[in-house]
Amino acid sequence: MALQGPIPVTFAMVFPHGCYVVGEVEPVKDFDASSNGRFVQARDKQTAELVWQVAVMDGDPTLKPAQKTVAVKILAPVQPVPPQPMPGLPFTPVEFDGMSVTPYVNAAGRLAYSIKVHEMHAPRPTAQTTPNKAGKDAA
């Protein structure tokens, strides 16, 4: 099979309704290397980058409450900083670049996905077309 390892995806494929930061960016613990109260941060198996994690809420209105919050792993040499909060919004909108998903079977025996990204940033403005005003575009 040609697909091996993480599957590249786009932000729009995973979060077509957007997503919002609902937790702190935290280092992911390497459970095999950590012992006796000594914390060792996990490194990605493919890139050897440090692994960080942030909880995000999916903006999809059709999801059940238990499905809305997911953990996104960020591969970065230093702790990523979430975008600045937007006035008037209870949660901070966020987008990710360099995304991949890895399917796995969770403890309940259900298919789940591990989401890894390389960059976290504020949403980019979308291009919106505005109607022409009474022939102003005519040359």
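Right, let's talk about the overall build of the protein for a bit. Secondary structure assignment for the protein yields 2 helices and 9 strands. Going residue by residue from the N terminus, the α and β elements of the protein occur as β-α-β-β-β-α-β-β-β-β-β. In the protein, which comprises 139 residues, the share counted as buried stands at 31%. Here the contacts in the protein between residues at least 6 apart in sequence split such that 61% fall between residues at least 24 apart.

The tally for this structure, following the rule as stated, stands at 2 aromatic pairs. Ring centres of Phe-11 and Phe-15 lie 5.6 Å apart, and the angle between their planes is 40°; on these two criteria the pair is classed as tilted. Exposure class is identical for Phe-11 and Phe-15. Each is buried. With centroids separated by 6.4 Å and ring planes inclined at 50°, the aromatic side chains of Phe-11 and Phe-96 adopt a geometry described as tilted. Taken together, the residues span a long stretch of sequence, with Phe-11 in helix α1 (residues 11–14) and Phe-96 in strand β6 (residues 92–97) at a distance of 85 residues.

Rules behind the numbers
- Residues numbered from 1 in each chain as written.
- Predicted model: local features only at pLDDT ≥ 70, side-chain atom pairs only at ≥ 80, totals over all residues.
- Heavy atoms only, no water.
- Helix = DSSP H or I, 4+ residues; strand = E, 2+ residues; numbered from the N terminus.
- Buried < 20%, exposed > 50% of the residue type's maximum accessible area, 1.4 Å probe, protein only.
- Contact = heavy atoms within 4.5 Å.
- Phe/Tyr/Trp six-rings, centres within 6.5 Å; stacked < 30°, edge-to-face > 60°.

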